[in-house]
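Structural features, examined
Here is what each chain is made of, one letter per residue.
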Amino acid sequence: MSMGSKGHFKLAVSNLRHNRMRSLLTILGITIGITSIILVIAIGEGIKRQVQTNNAFLGNDIITVQPSQSGNPLQPSLTALTQTDAQAIAKLGQVSTVVPLAAVSGTVSAPDSKPMETMVIAAGDDVGDIFGPLVEYGDFSGADTGESSVAVIGTTVAARIFGEQVPLGREFRLRGQHFIVQGVLKDVGASTLSPAANLNNAIIIPFKTGQKITNANLPVYQILVRIKDREQMANAVAAINDTVLAKHGNQADFTVLGPGDSASGNDKTITTITYAIAAIAAISLLVGGIGVMNVMWVSVTERMQEIGIRKAVGATNRQILTQFIVEATVVSVAGGVAGVAVAYAIEGIVLLFSDFKMPISWPVPLIAFFVTLVLGLLFGTAPALKASRKDPIEALRNA
Amino acid sequence: MSVIKLEDVSKLYGFGDATNIALDEVNLTIEEGEFVAVMGPSGSGKSTLMNVIGLLDRPSHGNYLLNSRSVSKLKPNRSAKLRRDTIGFIFQSFNLLPRLTALENVALPLLYKGLGTTRRLKQASAMLERVGLQEREYYLPSQLSGGQTQCVAIARALVNNPKIIIADEPTGNLDSAGSRLVMELLSEIHKTGNTILFVTHNPELTRYASRVVYMHDGAIIADEQTKIGDVARRARQVMYSVPTTNEEHDLAGVSALMAALPQKPATRTRKSSKKSTAHRTRSKK
């Protein structure tokens, strides 16, 4: 009854080839629209990953507990988490290691170097169990002997205070306490927006020393929990949540995050902004779609005689309709495919010149394909209807 | 059995005072196997008649029976299919798609019938061979002479094996050699049993026809049977008895022709149309 879809496709391609420049420009319109939407979403996703405050990079069996109001780990809401929370979590059956992290402020001074401000993290005794893989030289062994304590320092700190890569055994002072460098962390990557990066700038000291030199009950900004069985992740997250909730008098002023989860707050804001910008980018796609429609109108008007001839030799309205809709859809989908390709190319180029990752997730090409398909159908239908309903005699007379 | 039967078929364009009567209650019956030439001056409704018979246009009034089936009120899609399967149309301006090769042009009707590429091209190739253009299959229309182009168009009209071939001034854009080529081809097709209608301004070409219909102002004013091979009597009469007055008349051969023919009754109102139809029917006999 009707010609095959392959025939329609071939016909469309040959017609588009004939008007090469016009087709390319129309395709470009769609390409720009698709590329900008994909990139906006990818950039948003990239930013989100950078500010994620969970510690997924530590391993997939680590759960993070943190105060929920806090955006900045250095300024946690003071009441949120305490060491007792950590102790309560440690009593849970699913848990193998609990490490509370607290921030200590102070100026670090070493012989032969200017005093400098840096981030000092007081970490629970089992820190070696979780941060162990991050250590490049030395280890987390050693403890506060009263007279001197131990520290593991980030690479940036090592370079800036001691001017060497492996300052093991070197000494420094913080708030009057004497420290010996026991270990140096690996370079954890300089993703500027993530607190993980701060480990390069961090000095990790024992929790007890932290308490001693500040004379205070240290506010915990994060509790890292390693669980025994990663299959039980959801279970463990729930158990930890319940435990801390009970401790806090049912006040949910904290968040429990599995390794894949991302911290709330920031994340939601970024998502909102991302989709708002993506919506603006979608306007360019709409403009591209209107471009398709415009070109199809012109094409239908120009090809009136062709339509008349096709009808005169027996093409039904539906066959003409299909021909023009397929043509519009081919333009649109070609634009979509090109848009995805350009987006991936830009992602690659950005990655080449910086370490900002813009993750384009796998359904993106698929979604782009369907969006452009729908776009072609949507904007191709009106011109195609005009073509198909044209009276054959009138169409022929247009020659 | 009559293949084509028009009963009081009218075609009007426009509204009110601007109404233009292209066909004025035409009655015409064409039997299977006839080779009909339609003559008449420009604007006499020849093309409209061809378009209506070819299902490209619908009559405003009246009834059209194609193979004893009323087709005057068919939906566009139904008439498209009927057109595809039963009628081959040939145009003065060839109307080939300029970007397709001769072969692809001939295969076009088969495309809309839903045939696969291989069968399409095979049948089209056979048809081109029949019109003597098998060596020009991959030529574009612009690379062919006028006569050859029209032969490709004829092959396209024939490819679906239609019973009826309608040609609207098939030789109008051709020189005498091209005309001859095309008319000989139509004549051959006629011999295989097809019913053919063609419009022409050239009295000489009535030699090919078995019947000549003369039109004026949307009405059929004369209708004569003629022997194939002879120029129609009235056309001959025009050619030999009425001296052509100038070059234009020579070229068209029409004004003189019409002058020699009985004129259509004086302008009348639509109310009296029944009577005048009767009058015309009488005058025909």
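Above this text you will find the structure in question.
Now for a description of the structure that goes with this document. (Residues numbered from 1 in each chain as written. Chains lettered and ligands numbered in written order. Predicted model: local features only at pLDDT ≥ 70, side-chain atom pairs only at ≥ 80, totals over all residues. Heavy atoms only, no water.)

Observations concerning the pairing of strand β10 (residues 219-225) of chain B
Residue and element names in this part refer to chain B. Applicable threshold: Under the scheme applied here, a residue whose accessible area is under 20% of the maximum for its type counts as buried, over 50% as exposed, and between as partly exposed, the area being computed with a 1.4 Å probe on protein chains only. Numbering of helices and strands starts at the N terminus; helices are DSSP runs of H or I of at least 4 residues and strands are runs of E of at least 2. A pair of strands is labelled paired if DSSP reports no fewer than 2 bridges between them.
Across the seven residues that make up β10, a large majority, five, are buried. As paired strands, strand β9 (residues 211-216) and β10 are joined by six bridges and run antiparallel to one another. If you follow His216 over to β10, its bridge partner there is Ala219. In this antiparallel pair of consecutive strands, β9 and β10, the connection spans two residues, and Asp217 shows a positive phi of 45°.

A word on empty space enclosed by the protein
Selection criterion: Lining residues are defined by having an atom within 4 Å of a point belonging to a cavity or pocket. Those points lie on a 1 Å grid over the protein atoms alone, cavities being sets where a 1.4 Å probe fits but cannot get out and pockets being open sets with protein on both sides within 12 Å along at least five of seven lines. Grid points are joined across faces, edges and corners, and a volume is the space filled by probe spheres set on the points. Side-chain classes are defined by residue name, with Ala, Val, Leu, Ile, Met, Phe, Trp, Tyr, Cys and Pro counting as nonpolar, Asp, Glu, Lys and Arg as charged, and the others, Gly among them, as polar.
The final tally for this structure, using the stated rule, is two cavities of 30 Å³ or more. In this structure, the largest cavity occupies an estimated 80 Å³ of space. As for the largest cavity, its lining consists of Ala312 and Val313 of chain A together with Arg83, Arg84, Ile87, Gly88, Phe89, Pro109, Ala153, Arg156, Ala157 and Asn160 of chain B. Its residues assigned to classes, the lining of the largest cavity shows seven nonpolar, two polar and three charged. The volume enclosed by the second largest cavity comes to roughly 40 Å³. Around the second largest cavity, the lining residues are Ile41, Gly44, Glu45, Lys48, Thr271, Thr274 and Tyr275 of chain A. In terms of residue count, the dominant contributor to the lining of the second largest cavity is helix α2 (residues 20-51) of chain A (four residues). A breakdown of the residues in the lining of the second largest cavity according to their chemical character gives two nonpolar, three polar and two charged.

A short note on the pairing of strand β8 (residues 171-174) of chain A
Within a regular strand, the side chains alternate between the two sheet faces. Residues and elements named next belong to chain A. Only one face of β8 is covered, namely the one carrying Phe172 and Leu174; the face carrying Glu171 and Arg173 has none of its residues buried. Pairing of β8 with strand β9 (residues 177-185), which is carried by four bridges, proceeds in the antiparallel orientation. Each residue of the ladder has a partner; that of Phe172, found in β9, is Phe179. Counted along the chain from β8 to the antiparallel partner β9, the turn is two residues long, and its residue Arg175 has a positive phi close to 50°.

Some words on helix α5 (residues 146-158) of chain B
Stated precisely, the cut-off is as follows: Working rule for helices: expected span equals 1.5 Å times residues minus one. We call two residues in contact whenever any of their non-hydrogen atoms come within 4.5 Å of each other.
For α5 of chain B, spanning 13 residues, the distance from its first C-alpha to its last is 18 Å, which sits close to the expected 18 Å at 1.5 Å a residue. α5 of chain B sits mainly inside the fold: twelve of its 13 residues count as buried. Of all the positions in α5 of chain B, only Gly147, Gln148, Thr149, Gln150, Cys151, Val152, Ala153, Ile154, Ala155, Arg156, Ala157 and Leu158 of chain B are classed as buried. Along its buried surface, α5 of chain B packs onto α9 (304-312) of chain A together with β6 (87-90), α3 (102-113), α4 (117-130), β7 (164-167) and α6 (176-191) of chain B.

Some thoughts on the sheet that holds strand β4 (residues 61-66) of chain B
Residues and elements named next belong to chain B. Just so we agree on the cut-off: To obtain each axis, a line is fitted to C-alpha atoms, and for helices this fit is confined to the stretch in contact; angles are then taken between N-to-C directions over 0 to 180 degrees.
Pairing is antiparallel across the open sheet formed by four strands, whose spatial order is β2-β1-β4-β5. Either end of the sheet is taken by a strand with one partner, and the two such strands are β2 (20-31) and β5 (69-70). In this sheet, β2 lies alongside strand β1 (residues 2-13) in antiparallel orientation, the contact comprising eight bridges. Directly across from Leu6, in β2, lies its bridge partner Leu28. On top of the sheet, helix α1 (residues 46-53) reaches β1, β2 and β4; it is set at about 55° to β2, its chief contact.

A word on the side chain of Thr195 of chain B
All names here are of chain B. What counts is decided by this rule: For this analysis, a polar contact is any N or O atom pair within 3.5 Å, provided that within protein one partner can donate a hydrogen and the other can accept it, and provided that sequence-adjacent residues contribute only side-chain to side-chain pairs.
Relative to the elements of secondary structure, Thr195 occurs in strand β8 (residues 195-199). With a relative accessible area of 1%, Thr195 lands in the buried category. A polar side-chain atom of Thr195 sits 3.0 Å from the main-chain amide nitrogen of Gly33.

Focus: the side chain of Ser72 of chain B
Residue and element names in this part refer to chain B. Among the secondary structure elements, Ser72 is positioned in the loop between β5 and α2 (76-86). Residue class for Ser72 comes out buried when judged on its relative accessible area of 6%. A distance of 3.0 Å separates polar atoms of two side chains, one belonging to Ser72 and the other to Asn63. Setting aside its immediate chain neighbours within four residues, Ser72 contacts Arg58, Pro59, Gly62, Asn63 and Tyr64.

A look at the interface of chain A and chain B
One frequently used descriptor of interface size is the decrease in accessible area upon assembly of the parts. Counted only if it meets this: By buried area we mean how much accessible surface two parts lose on assembly, using a 1.4 Å probe and totalling the loss over both. In what follows, salt bridge is the name for a side-chain nitrogen of Lys or Arg lying within 4 Å of a carboxyl oxygen of Asp or Glu.
With 25 residues of chain A at the interface, the matching set in chain B holds 22 residues. Across the chain A/chain B interface, buried area totals approximately 2,100 Å², and carbon plus sulfur atoms make up 58% of it. Among the residues chain A hides against chain B, the three largest losses belong to Ile309, Val313 and Ile393 of chain A. Together they make up 25% of the total. Taken together, the connections running from chain A to chain B amount to zero salt bridges. Summed over the shared surface of chain A and chain B, the number is seven residue pairs in polar contact (both at pLDDT 80 or more). Contributing elements (two or more residues each) for the side of chain A that touches chain B: α1 (5-18), α9, α10 (317-353) and α12 (392-397) of chain A. Residue contributions to the side of chain A that touches chain B peak at six residues, all from α9 of chain A. Here the residues of the side of chain A that touches chain B sort into nine nonpolar, ten polar and six charged.

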